[in-house]
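Structural description and commentary
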Amino acid sequence: MADVLSLFSLSGKTAIVTGGTRGIGQAMAFALAEAGADIILIQRDTTNTSTKDEIINRLGRKAWIHVAELGDRQAVKGIIPALTSQGLKPEILVNCAGIQRRHPAEKFPDEDWDEVSRDPPPDISPQYKSAP
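Residues numbered from 1 in each chain as written. Predicted model: local features only at pLDDT ≥ 70, side-chain atom pairs only at ≥ 80, totals over all residues. Heavy atoms only, no water.

**Observations concerning a nonpolar patch on the surface**
Threshold: Residues forming no salt bridge and having over 30% relative accessible area are the ones grouped into patches, like charges within 9 Å of each other and nonpolar side chains (Val, Leu, Ile, Met, Phe, Trp, Tyr) within 5 Å. Residue burial considers only the protein chains on display, and all accessible areas are found by Shrake-Rupley using a 1.4 Å probe. Every case where a carboxyl oxygen of Asp or Glu lies within 4 Å of a side-chain nitrogen of Lys or Arg is listed as a salt bridge. Helix and strand definitions follow DSSP, with helices as H or I runs of at least four residues and strands as E runs of at least two, each counted in order from the N terminus.
A surface patch of nonpolar side chains, amounting to about 350 Å² of accessible area, comprises Val-4, Leu-7 and Phe-8. One can find Val-4 in the segment before β1 (14-18).

Have a look at this one:
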């Protein structure tokens, strides 16, 4: 009988993870890498490389950071074409990106409320589904 863990192996697969610098997104990136997947982290910038570094150094998987502002629909539409033009072929998508602002409820600034409560950031699923 096959090893049970091999039934769940993601070896040879590539996953996109948004929101992978902390919280649930980071945990998902680590879990997917532990299962054998290579990881593409979609981030606002490259200032935080800790998730990527840990995936490469501790888990021995490949990892990349692709910079995109998920609040910008045009940037979102360009993610999959940019990745596939680099020879990357994502097969798994985990959307965990979001924003938060912390203030006492009675002092919450209107600008922060508007930013947090606006429509959710664009989902890259439609572009992902249309990828070659």
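Moving on from the coordinates now.
**A word on the sheet that holds strand β3 (residues 63-67)**
Paired through backbone hydrogen bonds, the strands of a sheet run either parallel or antiparallel to each other. How we decide: In short, DSSP must find at least two bridges between two strands for them to pair. All axes here are fitted lines through C-alpha atoms, helices being fitted over the stretch that makes contact, and every angle between N-to-C directions spans 0 to 180 degrees. When checking whether two residues touch, look at their non-hydrogen atoms; a contact exists if any pair is within 4.5 Å.
Pairing within the open sheet is parallel, and its 4 strands lie in the order β3-β2-β1-β4. Bordering the open sheet on either side are β3 and β4 (92-95), each of which pairs with just one other strand. Sheet twist, expressed as the average angle between the axes of neighbouring strands with direction ignored, equals 20°. The pairing of β1 with strand β2 (residues 38-43) spans 5 bridges and is parallel. Bridged to Thr-18 within β2 is Ile-42. In the packing of helix α1 (residues 23-34) onto the sheet, the strands contacted are β1, β2 and β4, and the crossing angle to β1 comes to about 170°. Packing against the sheet, helix α2 (residues 50-57) makes contact with β2 and β3, and its axis sits at approximately 160° to β3.

**Overview of the packing of aromatic side chains**
Cut-off, in case you're wondering: Centres within 6.5 Å make a pair out of two Phe, Tyr or Trp rings, where for Trp the six-membered ring is used; the pair is then stacked when the planes are under 30 degrees apart, edge-to-face when over 60, and tilted otherwise. Under the scheme applied here, a residue whose accessible area is under 20% of the maximum for its type counts as buried, over 50% as exposed, and between as partly exposed, the area being computed with a 1.4 Å probe on protein chains only. A positively charged side chain is recorded as over a ring if its NZ (Lys) or CZ (Arg) lies within 6 Å of the ring centre. The angle to the ring normal must also be within 35 degrees.
Across all of its chains, the model carries 1 aromatic pair by this definition. Between the aromatic rings of Phe-108 and Trp-113, the centroid separation amounts to 6.1 Å while the plane-to-plane angle is 90°, which identifies the pairing as edge-to-face. Overall, Trp-113 belongs to the exposed group, its relative accessible area being 52%. One Lys or Arg, Arg-58, reaches over the ring of Phe-30 and ends 5.7 Å from the middle of that ring.

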